[in-house]
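Fold and geometry: a report
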Amino acid sequence: MNEITNMDALMAAVPEKGFLDAPIDPRLDLVEEIKRLKEEKKAVLLAHYYQESEIQDIADYIGDSLGLAEAAAKTDAEIIVFAGVHFMAETAKILNPNKKVLLPDLNAGCSLSDSCPPDVFAEFKKRHPEHIVITYINCSAGMKALSDIICTSSNAQQIVESLPADQKIIFAPDKNLGGYINRVSGRNMLLWDGACMVHEIFSLEKITRLKEQHPEAKLIAHPECEEPLLKISDFIGSTSQLLKYVVTDPADTFIVATEAGILHQMQKAAPNKTLIAAPPENNCACNDCPYMKLNTLEKLYLCLKYETPEINMEESLRLAAKKPIDKMLELSKQFGLI
Ligand code: 13P
Ligand code: SF4
């Protein structure tokens, strides 16, 4: 097979494989190549805090789910390369139908999103016609299309509290975030039984021991963690709120209960502070999200160079999914969050 035919075959395999598995010249400086391609193609690289450090370091924007949705809504780039997971790239496409949205590996899914299939949820929703549906952004476009308002961990509490106290609400798909919002807001939202595999893996026992060894340390946690862990935490917040807390709080040591990728930005923003990743149940690196970590510099380079894999969807689905995202962005502006 000559080189061109071989490349055609590799491109044709992308939909099944989920990424372009093509050879890369080992002499290339991938960081420099990605920077050059971004400029040449007028592309913007958006990265979540849970990405590998080397990807975070070359991103044009690094943020949490709310920040990334806002950045995607505002960009005037021609191509958006999303270093994150599928629902994030999908959200960018929903907001930018005329832009090319690329995700280095389509297999970068999300256990939380997978825990809520739209067809099953639609049946559940039918049984509760008097409820409105607030859905965490970690869900598929199909789920967004069934929702009234989307939220992220940065704005969930304010969005819920902006509704009348007697409004019946279904909160999906994260039972941990939903349960946390119920407790702080005094609401009684009906919760979908979904969870994030990364935030449920932390060991309460090991963390309690760690707190005893470091009595001066503050325990900070993402609201996707389970209730017993949240109960012993000194601060609970979204990824960007945790980052801000580490920078502004006077404590010197923090035990961080969320995906380990955020430690990179925390250490950069607060170089003199000691950060301890909260230990998971097993001895593996389970607080690394296996989906987020599917993106690599190599896949990012190939994705930008050959402009594949691309995110696309039916226009009717896009329009239905856009409404609750627009509502979230509008409310977040009103609350001064973006
Ligand atoms: P935030 O980006 O809202 O902190 O959510 C974390 C997360 O799990 C993203 O997948
Ligand atoms: Fe999904 Fe959890 Fe990974 Fe975030 S960290 S993408 S919620 S599995």
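A short tour of the structure in this document, coming up. Starting from 1, residues in each chain are numbered consecutively following that chain's sequence as written. Written order decides the labels, with chains lettered from A and ligands numbered from 1. Whole-chain, interface and lining totals are the exception, using all residues; otherwise, since this is a predicted model, local features are given only for residues with pLDDT of at least 70 and side-chain atom pairs are given and counted only at 80 or more. Neither water nor hydrogens contribute to the side-chain values; these are computed over all heavy atoms in the structure.

1. Quick look at the pattern of salt bridges
As a reminder of what qualifies: Counted as salt bridges are all cases of a side-chain nitrogen of Lys or Arg within 4 Å of a carboxyl oxygen of Asp or Glu. Starting at the N terminus, helices and strands are each numbered in turn, a helix being any DSSP run of H or I of at least four residues and a strand any DSSP run of E of at least two. Accessible area is worked out with a 1.4 Å probe on protein chains only. A residue is then buried under 20% of its type maximum, exposed over 50%, and partly exposed in between.
Applying the stated criterion to the full structure yields 23 salt bridges. A salt bridge links Lys175 to Asp193, with the nearest nitrogen and oxygen atoms 3.2 Å apart. With Lys175 in helix H11 (residues 175-185) and Asp193 in the loop between strand E8 (190-191) and helix H12 (204-213), this residue pair connects regions lying 18 residues apart in the sequence. When its relative accessible area of 32% is taken as the criterion, Lys175 is described as partly exposed.

2. Quick notes on the nonpolar core
Inclusion rule: Within this scheme, the nonpolar core is defined by two criteria: the residues are buried Ala, Val, Leu, Ile, Met, Phe, Trp, Tyr or Cys, and they are joined through side-chain atoms within 4.5 Å. The contact definition used throughout considers only heavy atoms, calling two residues in contact when any of these lie within 4.5 Å.
Core analysis: the biggest nonpolar cluster contains 80 residues, and Phe82, Met266 and Met328 have the highest contact counts within it. If sequence neighbours within four positions are ignored, Met328 has contacts with Leu66, Ala69, Ile137, Ile149, Ile150, Cys151, Thr152, Asn155 and Ile159. Formed by 24 residues, the second largest nonpolar core is a distinct cluster that contains Leu20, Leu30, Ile58 and Leu300.

3. Here we look at the side chain of Asp174
Cut-off, in case you're wondering: Asp and Glu count as negative and Lys and Arg as positive, but His and the ends of the chain are not part of the count. What qualifies as a polar contact is a pair of N or O atoms within 3.5 Å, subject to a donor-acceptor requirement within protein and to the restriction that residues adjacent in sequence count only when both atoms come from side chains.
Locating Asp174 in the fold gives a position in the loop between strand E7 (169-172) and H11. Of the side chains bearing the opposite charge, Lys175 lies closest to the buried Asp174, which forms no salt bridge; the N-O distance is 7.5 Å. Of the polar contacts made by the side chain of Asp174, one reaches the backbone nitrogen of Asn176; its length is 3.0 Å. When near neighbours in sequence (up to four residues on either side) are disregarded, Asp174 contacts Leu112, Tyr136, Trp192, Gly194, Ala195 and Glu224.

4. Structural notes on the site of ligand 1
For clarity, the cut-off: We call a residue near a given molecule or strand whenever any one of its heavy atoms falls within 4 Å of it. Calculation of accessible area relied on Shrake-Rupley with a 1.4 Å probe; when residues are assessed, cover is drawn exclusively from the protein chains displayed. All residues other than Ala, Val, Leu, Ile, Met, Phe, Trp, Tyr, Cys, Pro, Asp, Glu, Lys and Arg, Gly among them, are scored as polar; the first ten of these are nonpolar and the last four charged.
By nearness alone, 14 residues border ligand 1, and His48, Ser65, Ser153, His222 and Thr239 come closest of all. For ligand 1, an oxygen atom lies 2.8 Å from a polar atom in the backbone of Ser65. Glu224 is positioned with one of its side-chain polar atoms (N or O) 3.0 Å from an oxygen atom of ligand 1. Protein contacts shield 96% of the accessible area of ligand 1, which totals 300 Å² for the unbound molecule. Residues of the shell around ligand 1, tallied by class, amount to five nonpolar, seven polar and two charged.

5. Quick word on helix H6 (residues 86-95)
Given 3.6 residues to a turn, an α-helix orients residues that are three or four positions apart in the same direction. For H6, the tally of buried residues reaches nine of 10 residues, placing the bulk of the element in the interior. Every buried residue of H6 is accounted for by Phe87, Met88, Ala89, Glu90, Thr91, Ala92, Lys93, Ile94 and Leu95.

6. So, the packing of aromatic side chains
For the record, the criterion: Between the rings of Phe, Tyr and Trp (Trp by its six-membered ring), a pair exists once the centres lie within 6.5 Å; its type follows the angle of the planes, with under 30 degrees stacked, over 60 edge-to-face, and the other angles tilted.
Per the stated rule, a full pass over the model turns up five aromatic pairs. Ring plane angle 75° and centroid distance 5.3 Å describe the contact between Phe124 and Trp192, whose orientation is recorded as edge-to-face. Of this pair, Phe124 sits in helix H8 (residues 118-126) while Trp192 sits in the loop between E8 and H12, and the two are 68 residues apart along the sequence. By relative accessible area, Phe124 is classed as buried at 15%. Relative to Tyr245, the ring of Phe235 has its centre 4.2 Å away and its plane inclined at 0°; by these criteria the two rings are stacked. Of the two residues, Phe235 is situated in strand E10 (residues 235-236) and Tyr245 in helix H14 (residues 239-248); the sequence distance between them amounts to 10 residues. Among the residues examined, Phe235 registers a relative accessible area of 22% and is labelled partly exposed.

7. A short note on the site of ligand 2
What surrounds ligand 2 is the set Tyr50, Val85, Cys110, Ser111, Asn138, Cys196, Val198, Glu224, Cys289 and Met292. Of the residues that constitute the shell around ligand 2, the class distribution is seven nonpolar, two polar and one charged.

8. Quick notes on the sheet that holds strand E6 (residues 149-151)
Heads up, the condition is: A pair of strands counts as paired when DSSP detects no fewer than two bridges linking them. Geometry is summarised by axes, namely lines fitted to C-alpha atoms with helices restricted to the contacting stretch, and by angles between N-to-C directions that run from 0 to 180 degrees.
One open sheet accounts for four strands, arranged E6-E5-E7-E8; its pairing is parallel. Across the chains shown, the open sheet's two edge strands, defined by having one partner strand only, are E6 and E8. Note that E7 and E8 share two bridges and pair parallel. Within the sheet, the bridge partner assigned to Phe171 lies in E8 and is Leu191. In this fold H8 packs onto strand E5 (132-136), E7 and E8, with an angle of close to 165° to the strand it touches most, E7.

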